[in-house]
Amino acid sequence: MKRTAATQYVVTRPLYSEEAFAEEHEKVYRQRKTILDHIKQYFTWDAKRAKNAALSLLPIIGWVKIYQIKQWLLGDIVSGISTGLVAVLQGLAYCLLASLPVRYGLFSAFFPVIIYFFLGTSRHISVGPFPVLCLMIGSVVTRLVPDGGLAMNITGLEGLTIDEQRVVVASSVTFLAGIIQLAMGVLQVGFVVMYLSDTLVSGFTTAAAIHILVSQLKFVLGLQVPGISGPLSIIYTLEIIFNKITSTNVCDVVIALVIMVVVFIVKELNDRYKSKLPVPIPIEVIMTVIACGVSYAFDFRARYGINTVGDIPEGYETPMAPNLHIIQLTAGDAVPMAIVGFAVAFSVAKVYSVKHDYTIDGNQELIAFGVSNIFGASFRSFAASTALSRSAVQESTGGKTQVAGLLSAIIVMIVTLSVGFLLDPLPTSVLGAVVIVNLKGMLMQFREVPYLWRRDKPDCVVWLGTCILSIFLGLDLGLAAGLGVELISVVLRTQFPRCSVLVNIKGTDIYKDRKDYTNIYDPEGVMIFRIPSPIFFANIEFFRTKLVEALGFNPLRVLRKRNKAVRRIRKLLKKGELQWTSTGFLNTSFKPIKESEDESNMEELDLPTDFKDLPARIDWNAELPVNLSVPPVEIHSLILDFAAVSFLDISALTGLKTLLRELIRVEVDVYIVACDSYILEKLHDCSFFDDEVQPSMFFLTLHDAMLHILEKHPESTEKKSDHDMIITTVTVHNPRVSLRSRDKNVGIRFCQLLAILYMFFGK
């Protein structure tokens, strides 16, 4: 369907090379800041900057000033109570993943929340235990303090029980993770989380969900299974469970199944009727209370031998300093904990910030979580992030700010100080069942695999690679391996881009892939080659190979063949076996002319063809003397589209210059179009140009270069029909600007388009 005249545009302007455009249009000079300038600016402070820094470090000041008590307070109260009840239960349940006494899960649901209330920029996430982090902490805890006691001699743990030793280990590694997060925030390196793509995080959390599921089987089945960490730990754990499967406690299994079925059904109803329910039904809390009451009434612990939460001491413990020996041993574990905890929390915070139209600061979030973990570790809590389900409760029940988070912390504090003893008869199988049910969201991420395979196979490989490696190698090594797979996929995409040959769409100044369209204009002897990626040391050879394939000849091979032929012709002329006539070369010896096998002075074969001492310039497309064969070169002009080339490194500059020289020496005019000004500056700074490779080969657009070529080579359109020819009216004015200084035939001139550019007039 053709567009109406009202939607068309007509442009009349001169035909521009980069040199011509630079001479006609003065460029604004901008002084670029050096690294020293940035350092000076960073350490230069004034009153305004100090005020802004204070506001950024304490985001609470910003949202407290706009807090709407009448509209927001009731929602925050309801949300805080609902989230607090869920936080209590999840704190107890997720603590089992960390292989710690359950009371410390309540600590992790309290202390970090208080700090985040003042320092965090998200108004909706619920800070506290996150199952993936708990599992990572549990692997460190069981590695350093297995069920049989200390695996190595650690200073400062003498005289402590196994539970106390594990608490010290968990607190120390949490403290180190907090230091790492704080350092990243202060150094403004929050951008590193961008290297964890959504695909990688999805595969990683799915693998973590499988680890969590396996770790909870011992509670659901009522088995005594030692904690195992390291590569293939999931296989060893399953082996132990299957070997002990005959010792399963039937009561634990029944309780867990009932809890899982009821909680699953009610949570599905919550999702289906969330628009009609004022608040989601807190089914986990309800079932926990019921299970606790039934267990107490029928004395399940004594009658059926099930494991229960046991006595939860009231109150908090005195602060403690981290163990430096443990910090040295767990440095490699703390880094992935810090990154994963921040990445998950920041991803959830971004979702709610977009939904509710406010901004979050990644670096400030790092500072907030860093200080939260440092403060919490001092009171024996373990690493905190955000749980997706708990944050969803806080937001869906009407929470507007972190006032809801503060109220949830108060609920947790009340349970810790005065209600904890009521949880004594609670079966641990209930907590395991609650954890398993809440894994549904992470396990359902398997549905992304078919979609990714259809839409983006490299992303699918990243997902599967991260998931499989994290399952078998463990979460810490799996994350590092998954990141490696992701970076390899990025490198491969850049190293092997999809290069293409472009042609003109008739009647437009638009150029598209030749394979995708039929109504095209493709003048003879002209090729447009596009590389859609940066050119650097890893892909310069690929770029050359693809270009040679598109051209149909190797310019270096053609150059050497031509120089060999010239060398042979010169020798035959001296011997009188070959003569030059008006019709070409004549073989006077009446013997076959053998191609020269002289391999001496091979370096000279790579130099420009020298026609001195010859009676005329050789037409390589004409018939040559018998047995002298030179590969044909069917194009006279090559356009390289650099619109998608964002940078070139030194290796690429060297390779590109060599390639351009080879093409120029076989009489192919090369034009580079749409080159970024930064790259042009770099080419000048690196002495890229010389007598052969000149700045005049650079043009502003593809169309400018094509018009210049067709003006220089009108024969390219002579064999085309009238419908296929370019229709332009060009008048030459002001012979002062050279479109290309090495073009001796065109001369020095300035071209201006005077008519409407009905380019490539179609049928």
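Residues numbered from 1 in each chain as written. Predicted model: local features only at pLDDT ≥ 70, side-chain atom pairs only at ≥ 80, totals over all residues. Heavy atoms only, no water.

As annotated in an unreviewed UniProt entry, the protein chain is STAS domain-containing protein from Amphiprion ocellaris. We quote the UniProt Subcellular location (unreviewed entry) comment for the protein chain here in full: "Membrane". (UniProt positions renumbered as here; feature names shortened; annotations may be inferred.)

Before going further, it helps to spend a moment on helix 17 (residues 362-378). A rise of 1.5 Å per residue sets the reference length of helix 17, with its 17 residues, at 24 Å; its end C-alpha atoms lie 24 Å apart and thus fit the reference within 8%. You can read the cap of helix 17 off the contacts: a side-chain oxygen lies 3.1 Å from the backbone nitrogen of N363, and it is on D361. Following helix 17 by one or two positions, R380 adopts a phi angle in the positive range, close to 70°. (Helix = DSSP H or I, 4+ residues; strand = E, 2+ residues; numbered from the N terminus. Expected span 1.5 Å × (residues − 1). Polar contact = N/O pair within 3.5 Å; in protein donor to acceptor, adjacent residues only side chain to side chain.)

Glancing now at the pattern of salt bridges. For the structure shown, the criterion picks out 21 salt bridges. A salt bridge links E268 to K440; its shortest N-O distance comes to 2.3 Å. Placement of E268 in helix 12 (residues 250-272) and of K440 in helix 21 (residues 440-443) is noted, with a sequence separation of 172 residues between them. Overall, the relative accessible area of 30% leaves E268 in the partly exposed class. (Salt bridge = Lys/Arg side-chain N within 4 Å of Asp/Glu carboxyl O. Buried < 20%, exposed > 50% of the residue type's maximum accessible area, 1.4 Å probe, protein only.)

Okay, the nonpolar core next. Counting residues in each nonpolar core, the largest one holds 115 residues, and the members touching the most others are L92, I125, V132, I137, I259, M337 and L431. Top element by residues in this core is helix 16 (residues 331-356). It accounts for twelve residues. If sequence neighbours within four positions are ignored, V132 has contacts with F204, A208, I212, V340, M442 and L475. (Core = buried A, V, L, I, M, F, W, Y, C linked by side-chain atoms within 4.5 Å. Contact = heavy atoms within 4.5 Å.)

In the structure shown here, the tally under the stated rule is 26 aromatic pairs. Between Y16 and F21, the ring centres sit 5.2 Å apart and the planes meet at 90°, which makes this aromatic pair edge-to-face. Given the relative accessible area of 31%, F21 is considered partly exposed. Where F688 meets F689, the ring centres are 5.4 Å apart and the plane angle is 90°; that geometry is what we call edge-to-face. By the burial criterion, F688 is buried, and F689 matches it. Through successive ring pairs, a cluster of aromatic residues spans Y104, F107, F110, F111, Y316, F375 and F379. Over the aromatic face of Y358 sits the side chain of R123, whose NZ or CZ is 4.7 Å from the ring centroid. Across from the ring centre of W453, 5.0 Å away, lies the NZ or CZ of K457, which sits over that ring. (Phe/Tyr/Trp six-rings, centres within 6.5 Å; stacked < 30°, edge-to-face > 60°. Lys NZ or Arg CZ within 6 Å of the ring centre and 35° of its normal.)

Taking 1.5 Å of rise per residue, the 26 residues of helix 16 would be expected to cover 38 Å, and the 38 Å separating its terminal C-alpha atoms lies within 8% of that figure. Two residues or fewer past helix 16, D357 is found with a positive phi of approximately 60°.

In this section: the pairing of strand 6 (residues 526-530). Counting buried positions along strand 6 yields four of five residues, so the element is predominantly enclosed. Examined bridge by bridge, strand 3 (residues 500-505) and strand 6 share three bridges and lie antiparallel to one another. What sits directly across from L502, in strand 6, is I528. In this sheet, strand 9 (residues 637-641) lies alongside strand 6 in parallel orientation, the contact comprising five bridges. Counted as the bridge partner of V526 is S637 from strand 9. (Pairing = 2+ DSSP bridges.)

The subject of this paragraph is the packing of helix 8 (residues 131-144) against helix 10 (residues 198-221). For the pair helix 8 and helix 10, the least separation of the axes is 10 Å and the interaxial angle reads 65°. In this structure, helix 8 meets helix 10 at a crossing whose hand is left-handed. Facing P131, V132, L135 and M136 of helix 8, the residues of helix 10 in contact are F204, A208, H211, I212 and S215. Here the contact of helix 8 with helix 10 is built from residues that sort into seven nonpolar, two polar and no charged. (Axes fitted to C-alpha atoms, helices over the stretch in contact; angles between N-to-C directions. Left-handed = near helix turned anticlockwise from the far one by under 90°. Nonpolar A, V, L, I, M, F, W, Y, C, P; charged D, E, K, R; others polar.)

By secondary structure assignment, the location of V169 is in helix 9 (residues 162-186). Filtering out sequence-adjacent residues up to four positions away, V169 remains in contact with V140, V141, L144, V145 and I326.

This next bit is on the environment of L640. Turning to its location among the elements, L640 is positioned in strand 9. A relative accessible area of 1% places L640 in the buried class. When the C-alpha positions of L640 and V670 are compared, they lie 7.5 Å apart, and in sequence the two are 30 residues distant. In this structure, L640 is in contact with F529, F543, L547, L660, V670, Y671, I672 and V673, ignoring residues within four places of it in sequence.

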